[in-house]
Amino acid sequence: MTTPSGGSAPQRRPQQRKQVLLRLDPSVYEALARWAGDELRSANAQIEFLLRKALADAGRLPRDTGPLPRRGRPPGGSTPEPPSA
């Protein structure tokens, strides 16, 4: 890609995910962890899901926000068969 001045634009590096220390009431965490388990998410993924939903509902989710990263096993059909001996 070239810039109007003829030079090439710098490559954008993917942003690293931010780490945040979060202190929660133990009963709130337990309820969140149960909810996350019901939806097959980690507590961390559930927190991000809920924060994104709240931001979107309030009209405050930035447009350049990427999708939630997929975790766990990739979706697909059957598991591969072990090689025969």
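The name given to the chain in an unreviewed UniProt entry is AT hook motif protein, with the source organism recorded as Streptomyces griseochromogenes.

Asker: Before we move on, could you go through the packing of aromatic side chains and cite the residues and values that matter?
Answerer: Within the structure shown, the criterion is met by zero aromatic pairs. Just above the ring of phenylalanine 49 sits the side chain of arginine 41; from NZ or CZ to the centre is 3.9 Å.

Asker: Could you give me a rundown of the pattern of salt bridges, with the residues and numbers involved?
Answerer: Scanning the model with the defined rule gives four salt bridges in all. Put simply, glutamate 48 and arginine 17 hold a salt bridge, and the shortest N to O gap is 2.3 Å. Of this pair, glutamate 48 sits in helix H2 (residues 43-57) while arginine 17 sits in the segment before helix H1 (26-38), placing them 31 residues apart in sequence. Look at glutamate 48 and you get buried, because its relative accessible area is 19%. With a relative accessible area of 44%, arginine 17 lands in the partly exposed category. Glutamate 48 is paired through a salt bridge with arginine 52; the nearest N and O atoms lie 3.0 Å apart. Note that glutamate 48 and arginine 52 are positioned in helix H2 at a spacing of four residues, about one turn of the helix.

Asker: Hey, could you go over H1 for me, with residue numbers and the actual values?
Answerer: Between its first and last C-alpha atoms H1 spans 18 Å; for 13 residues at 1.5 Å apiece the expected length is 18 Å, and the two agree. In the segment just after H1, leucine 40 is the residue with positive phi, at about 55 degrees.

Asker: Tell me about the environment of leucine 24, residues and numbers included.
Answerer: Here leucine 24 is to be found in the segment before H1. Residue classification places leucine 24 among the partly exposed positions, given a relative accessible area of 36%. Apart from residues no more than four positions distant in its own chain, leucine 24 is found in contact with Tyr29 and Leu32.

Asker: Before we move on, could you go through the side chain of glutamate 48 and cite the residues and values that matter?
Answerer: Within the local environment of glutamate 48, its side chain forms a polar contact with the side chain of arginine 17, the two groups lying 2.3 Å apart. Apart from residues lying up to four places away in sequence, glutamate 48 is in contact with Arg17 and Leu68.

Criteria and cut-off values
Residues numbered from 1 in each chain as written. Predicted model: local features only at pLDDT ≥ 70, side-chain atom pairs only at ≥ 80, totals over all residues. Heavy atoms only, no water. Phe/Tyr/Trp six-rings, centres within 6.5 Å; stacked < 30°, edge-to-face > 60°. Lys NZ or Arg CZ within 6 Å of the ring centre and 35° of its normal. Salt bridge = Lys/Arg side-chain N within 4 Å of Asp/Glu carboxyl O. Helix = DSSP H or I, 4+ residues; strand = E, 2+ residues; numbered from the N terminus. Buried < 20%, exposed > 50% of the residue type's maximum accessible area, 1.4 Å probe, protein only. Expected span 1.5 Å × (residues − 1). Contact = heavy atoms within 4.5 Å. Polar contact = N/O pair within 3.5 Å; in protein donor to acceptor, adjacent residues only side chain to side chain.

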